[in-house]
Amino acid sequence: MSPALPAAYAVPFTELALANVVREYPNAPAHLYAGPEELVAPRTLHPAFYGGYDWHSTVHMHWLLVRLLRRFSATGDLPATVTTRVHEVLNSHLTPENLAFEAAYLRKRPHFERPYGWAWLVALAAECRALATPEGDRWADALAPAVETVGELLTGWLPKATYPIRHGIHPNSAFGLGMVLDAGERAGLSRPVLDAVAERLRTWFAEDHDAPAHWEPSGQDFLSPALTEADAMRRVLPVAEFRTWLAGFLPGLTDSPLLTPPVVSDHSDPQIGHLLGLTMSRAAALRTIADALGEGPAHTALTASAEAHLAVGLPSVSSGDFSTDHWLATFAALALDTPPGH
């Protein structure tokens, strides 16, 4: 399955993202209040990333806006009127002043959004740089202090991160660090930081075997612990070593329950609705793992499973329900397109 975000999604995904990044409420700030003086509006805490329900979601909705610009503004699939609105929002949010404030917030709170939100911020910076326009470079330059801050936070955290977090929601270690590896170089992270990320993934996971795939999914997963780990190891092992490792980690992969799309019984339930994201993140991981395995029965089975997962999740990307509309389109883009930063 060759990655290519279909042009049919250009306008609806852009409209979703535009609506979300400027929607201040409802809001779940994930802010630890030190005192009553901090009882302020989300826009005061996060002048760039105040919308979209929570910080990480609005960061990756900004990433989606830039990705869609890069993919479709020159092809005519994104009308000039829509492109203009995207530029207006990004020019308003991705300013040096706003992003210096966001960087200071991260430095003051080194556990905030670790590592999921960090990874999406790095991906956003990489996408801005990949846009290869004066505006994209200006946005990337404005993001540079925040990216540098993420590099400092990673440098401080990784040596003491003795154990990975494996469950299938935001703190998952493999997903966030895998995304950092995809986007970090283009975003401006230093080679020592990226090498430390890769080494920590190998330290955590190289000896893993016989993953309990039959335990998945949990009731609010939007990531597959097993497939996310495998996809991270794909990034840090040579192809031959990865194939050997995968055979021990997920023996019998072609018959695994991981290849069966989850049942999503209530799309409007914020936790059960996470399973819609699982359909997308599984599809993305299955596609990249299949590519690493090369042609053969496993490639065929994983690719078919990716398509089946997409068939379950894609119809719900724009449901009109804010509980999924504020984030799901970004995971659809992950499943349908190249990784962040590429």
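Note that the structure is predicted; figures quoted are calculated from it, not measured. (Residues numbered from 1 in each chain as written. Predicted model: local features only at pLDDT ≥ 70, side-chain atom pairs only at ≥ 80, totals over all residues. Heavy atoms only, no water.)

## What about the nonpolar core?
In summary, soluble globular proteins display a tendency toward joint burial of nonpolar side chains.
Step number 1: If you look at the biggest cluster of nonpolar residues, it comprises 116 residues, and the most contacted ones within it are Phe49, Trp120, Leu154, Leu250 and Phe331.
Step number 2: Each residue touching phenylalanine 49, except ones within four places of it in the same chain, is listed here: Trp55, Thr58, Val59, His62, Leu94, Leu99, Glu102, Leu121, Leu124 and Leu143. (Core = buried A, V, L, I, M, F, W, Y, C linked by side-chain atoms within 4.5 Å. Buried < 20%, exposed > 50% of the residue type's maximum accessible area, 1.4 Å probe, protein only. Contact = heavy atoms within 4.5 Å.)

## Considering the pattern of salt bridges
Step number 1: Counted according to the given criterion, the structure contains 18 salt bridges.
Step number 2: Among the ionic pairs, arginine 70 bridges to glutamate 127, the shortest N-O distance being 2.6 Å. Of this pair, arginine 70 sits in helix α3 (residues 55-72) while glutamate 127 sits in helix α6 (residues 116-131), and the two are 57 residues apart along the sequence.
Step number 3: Overall, the relative accessible area of 0% leaves glutamate 127 in the buried class.
Step number 4: Note that glutamate 185 and arginine 191 form a salt bridge whose closest N and O atoms lie 3.6 Å from each other.
Step number 5: Under the relative-accessibility criterion, glutamate 185 is labelled exposed at 59%.
Step number 6: Here the salt bridges share partners, and the residues they tie into one network are Arg67, Arg70, Arg71, Glu127 and Asp337. (Salt bridge = Lys/Arg side-chain N within 4 Å of Asp/Glu carboxyl O. Helix = DSSP H or I, 4+ residues; strand = E, 2+ residues; numbered from the N terminus.)

## Side note on helix α9 (residues 191-205)
Step number 1: Taking 1.5 Å of rise per residue, the 15 residues of α9 would be expected to cover 21 Å, and the 21 Å separating its terminal C-alpha atoms lies within 8% of that figure.
Step number 2: What α9 keeps buried is the set Val193, Leu194, Val197, Ala198, Arg200, Leu201, Trp204 and Phe205. Projected onto a plane normal to the axis of α9, the buried residues spread over an arc of 160° and lie on a single side. (Expected span 1.5 Å × (residues − 1). Arc of directions from axis to C-beta.)

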